[in-house]
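In case you want the letters, here they are:
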Amino acid sequence: MRQIDHLIVGGAGAAARTSEVFDPNNGGVQATVPLGDAALLEKAVQAAQAAQPAWAATNPQRRARIMFKFKELVEANMDELAHMLSSEHGKVIADSKGDVQRGLEVIEFCCGIPHVLKGEYTQGAGPGIDVYSMRQPIGIGAGITPFNFPAMIPMWMFGPAIATGNAFILKPSERDPSVPVRLTELMLEAGLPEGILQCVHGDKEMVDAILDHPAIGGVSFVGSSDIAHYVYNRGVAAGKRVQAMGGAKNHGIVMPDADLDQVVNDLSGAAFGSAGERCMALPVVVPVGEDTADRLREKLLPAIDALRVGISTDEEAHYGPVVNQAHKERVEGWIQKGVDEGAELVVDGRGFSLQGHEDGYFIGPSLFDRVTPDMESYKEEIFGPVLQIVRANDFEEALSLPSQHQYGNGVAIFTRNGNAAREFAARVNVGMVGINVPIPVPVAYHSFGGWKRSAFGDTNQHGMEGVKFWTKVKTITQRWPDGSPEGGNAFVIPTMG
Ligand code: NAD
C-alpha cells in the first residue's frame, strides 16, 4: 500500500494514526496518509521560525524568481499532477488540469510581487515630514484546504504568503493529499529554502494544533461552513488573523429574454462538472416566469440525457465519480430528502453503475423541479451532481432568493437586458456575481470570497486582498529638522494643520 508522508524539515517519523485515501474510480483504498499531532506541528514551526527571517530579508525580486521557476516546473509536470489529482479526487483529467492552471495563475500574479509590495509614500505631509508605509510579512502562516481543489486552493494561499516573505505550513485535505505534497516538492526544487513551505497532514487534531500555536500569525481556511466558523472563532480567540471560506449554494437566475440554449449549455457544465463538487457550482436555477421555467426544463432534459459519466481518464466523460463512498451516500441522502419534502424528481441519478467500475463512487445527474425555499434540500449544500429548479414569478422574487439564502458565495444572471443585469449585480446580497457567466470565479489578480455563511473574516483570497492578509502594514513618519529653531507645544497632539 502506498504511504503518503508529511513533508517537513528533518522528516516526520512513524505515525500513530493514519487515514485512508480512496480510489473513487474503482472503490477501495489506494494509499494511507498519516494524521499528525501537535508535536509534529511543533517540529515544522521550529523549522519555519529558523528559516523565515532570512527569507523575509531576501529581496522581493529573488523571491519572485522562485515563483517563476515553480511555474515552469508545474507546467512541465502538468500531466503527472493532473493524473495524480484525478486518481484521488475523481474529477476528469481536463478538469484537473484546470484546477492546477487556476492555481498557477495566482503564482503568475506572485511573480510580480516586487511591484505589489512597493508601498505608499507622501512627501511633505507636514513641515520637513514625509510619511511612508511598508508591508511586512506576518511571519508564519498556515493554510487548511478542502478536498475539492487540491491544487488551486493550496496555491491561492501559499503563493501570496511565500511571495510576501512568510514561511507557510500547508495542511491539505486528508482525502486527496498527494498533489499538495508534490507541489511542496516542486517549490523546493524551484529553489525555495528549506522550512519556508512544509506540508503536514491531519484532521481536527492537527487543525486545532495550528489554531492554538502562538507562533502562527495567520490562518487561511477553505472548507465547509460549520468548520469554517469554528476555525474562525478558535483562531481569532488565539489572537490570529483568520480568513475562513465556507460552503455555498449558488443560484443562476434565468430571465425570460435569456438565450436558453446558451443557458442550458452553461448549466450543464456549472451544475454537473466535477460531479457538482465545486463551491462555485450552480446547483440552483431560478427561471423567471412559468413559461421560462417550462421552456428551460424542456431543453434541460436532453442535455442531461447526453451527459456522459465516466472514469477520470475517459476523455469523453463530462464528469467522474464523487470523492468517496460516504460522500456518495450523503448526496443520495439529499436526493431522497428532496423527494420526501415534495420536490418533483424529474431525473434520478441514484443507482448509477458504470460497467467495469461497479464499485466506483459514481452518481448519475439528477434534476429536481418545483423546489421551494422552505425545503431543507434547498437550504443546505448538496455538493453533488444535482440541479434544483426553483420557479420565481418575477425579477424581485428571483433577486430575493440568493439574497436571503444563508450562503452568499456566487450567483449568476442570464439575460440580454443590460439594465436588469446591472441592477441585479448592484442589489444582490452575494459576494461574486456572473452576468451571463455561470461560474464567476474571479481571475487571480482580483480576489475570491463570498458573503454570509460562505466566508468568515474580512479579507478575500488572492489578488491584493491575499497580499493584505499575509502582510502587516507599517507606517513611518519621518522628520529631518534643518537645524532652525522650532516652536510649538510638544504636549499637544501633533497635527499637520
Ligand atoms: P471540510 O470542511 O470537510 O474540510 C476542510 C478542511 O477542514 C480539511 O483540511 C479537513 O481536514 C479539515 N477538517 C475536517 N473536519 C474538521 C474538524 N472537525 N475540525 C477542524 N478541521 C476539520 O470540507 P471538504 O469536504 O474538504 O470540502 C468541501 C467544502 O468546502 C464544501 O462545503 C465547499 O463548498 C467548500 N469550499 C468552499 C470554497 C470557498 O472558497 N468558499 C472553495 C472550495 C470548497
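Residues numbered from 1 in each chain as written. Predicted model: local features only at pLDDT ≥ 70, side-chain atom pairs only at ≥ 80, totals over all residues. Heavy atoms only, no water.

### Focus: the sheet that holds strand β7 (residues 167–171)
Let me state the cut-off plainly: In this description, strands pair whenever DSSP reports at least two bridges between them. In this description a helix means any DSSP run of H or I spanning at least four residues, a strand means any run of E spanning at least two, and both kinds are numbered starting from the N terminus. Note on contacts: a residue pair qualifies if any of its non-hydrogen atoms lie within 4.5 Å across the two residues. Think of each axis as a best-fit line through the C-alpha atoms, taken over the contacting stretch in the case of a helix, with angles from 0 to 180 degrees between the N-to-C directions.
Strand order in the open sheet formed by six strands is β8-β7-β6-β9-β10-β20, and the pairing between neighbours is mixed. At either end of the open sheet lies a strand with only one pairing partner, and these are β8 (197–199) and β20 (455–456). Where strand β10 (residues 241–245) and β20 come together, two bridges link them in antiparallel fashion. Bridging from a neighbouring strand, M245 pairs with A455 of β20. Strand contacts of helix α9 (residues 225–237): β9 (218–222), β10 and β20, with the helix running at about 175° to β10, the strand carrying the most contacts.

### Looking at the sheet that holds strand β11 (residues 251–254)
Within the open sheet, the seven strands sit side by side as β13-β14-β15-β12-β11-β17-β18. Their pairing is mixed. Looking along the sheet, the strands with just one partner apiece sit at the ends: β13 (344–347) and β18 (432–435). Geometrically, the sheet is characterised by an average inter-axis angle of 20° between neighbouring strands, direction not taken into account. In the sheet, β11 pairs with strand β12 (residues 284–287) via four bridges, with the strands oriented parallel. In the sheet register, V254 faces β12, and the bridge partner there is P287. The strands touched by helix α11 (residues 290–305) within the sheet are β11, β12, β13, β14 (366–369) and β15 (386–389), with β13 carrying the most contacts at an inclination of about 40°. In the packing of helix α14 (residues 395–404) onto the sheet, the strands contacted are β11, β12 and β17 (410–414), and the crossing angle to β11 comes to about 175°.

### Re the nonpolar core
What counts is decided by this rule: What we call a nonpolar core is a set of buried Ala, Val, Leu, Ile, Met, Phe, Trp, Tyr and Cys residues that are connected through their side-chain atoms within 4.5 Å. The rule is simple: take the accessible area with a 1.4 Å probe, protein chains only, and divide by the maximum for that residue type; under 20% is buried, over 50% is exposed, in between is partly exposed. Where a domain begins and ends is set by an automatic assignment or by a domain database.
Residues F70, M155, F158, I162, F168 and L183 are the most contacted members of the largest nonpolar core, which totals 87 residues. The dominant element in this core, judged by the number of residues it contributes, is helix α6 (residues 152–163), at nine residues. Composition of this core by domain shows at least three residues from each of domain 1 (2–246 + 454–458 + 465–476) and domain 2 (251–435). If we skip the residues at most four places from it in the chain, L183 touches F70, V74, L81, P150, A151, M155 and F158.

### Side note on the domain arrangement of the protein chain
The cut-off we apply is this: Summed over both partners, the accessible area (1.4 Å probe) lost when two parts come together is defined as the buried area. Salt bridges are defined as contacts in which a side-chain nitrogen from Lys or Arg sits within 4 Å of a carboxyl oxygen from Asp or Glu.
According to the domain assignment, the protein chain consists of domain 1 (2–246 + 454–458 + 465–476) and domain 2 (251–435). Taken over C-alpha atoms, the centre of domain 1 sits 31 Å from the centre of domain 2. If you look at the interface, domain 1 gives 22 residues, while domain 2 gives 24 residues. Three residues stand out in domain 1 for area buried against domain 2, namely N25, V92 and S454, and they jointly supply 27% of the buried area on that side. Summed over the shared surface of domain 1 and domain 2, the result is one salt bridge. The salt bridge partner of D95 is R278, with a shortest N-O separation of 3.0 Å.

### Thoughts on the confidence of the model for the protein chain
Spelled out, the test is: Confidence of the predictor in every single residue is expressed as pLDDT, which spans 0 to 100.
Overall, the prediction assigns the protein chain a mean pLDDT of 96, with 99% of residues at 70 or greater. Across the protein chain, the element-wise mean pLDDT spans from 93 in strand β4 (residues 120–126) up to 99 in β7.

### Focus on the pattern of salt bridges
Where side chains of opposite charge bring their charged atoms close, a pairing between them can arise. Using the criterion set out here, one finds 30 salt bridges in the structure. In this structure, the salt-bridge partner of K69 is E72, at a minimum N-O distance of 3.6 Å. A residue pair is termed a helical-turn pair when its members lie 3 or 4 positions apart in one helix, as K69 and E72 do in helix α2 (residues 60–76) at three residues. Its relative accessible area of 37% is what places K69 among the partly exposed residues. Its relative accessible area of 47% is what places E72 among the partly exposed residues. For the salt bridge of D369 with R391, the shortest nitrogen-to-oxygen distance reads 2.8 Å. Linking D369 in strand β14 with R391 in the loop between β15 and α14, this pair joins segments that are 22 residues apart in sequence. There is no split in this pair, since D369 and R391 are both buried. The structure contains a network of salt bridges with shared partners spanning E290, D294, R297, E344, D369, R370 and R391.

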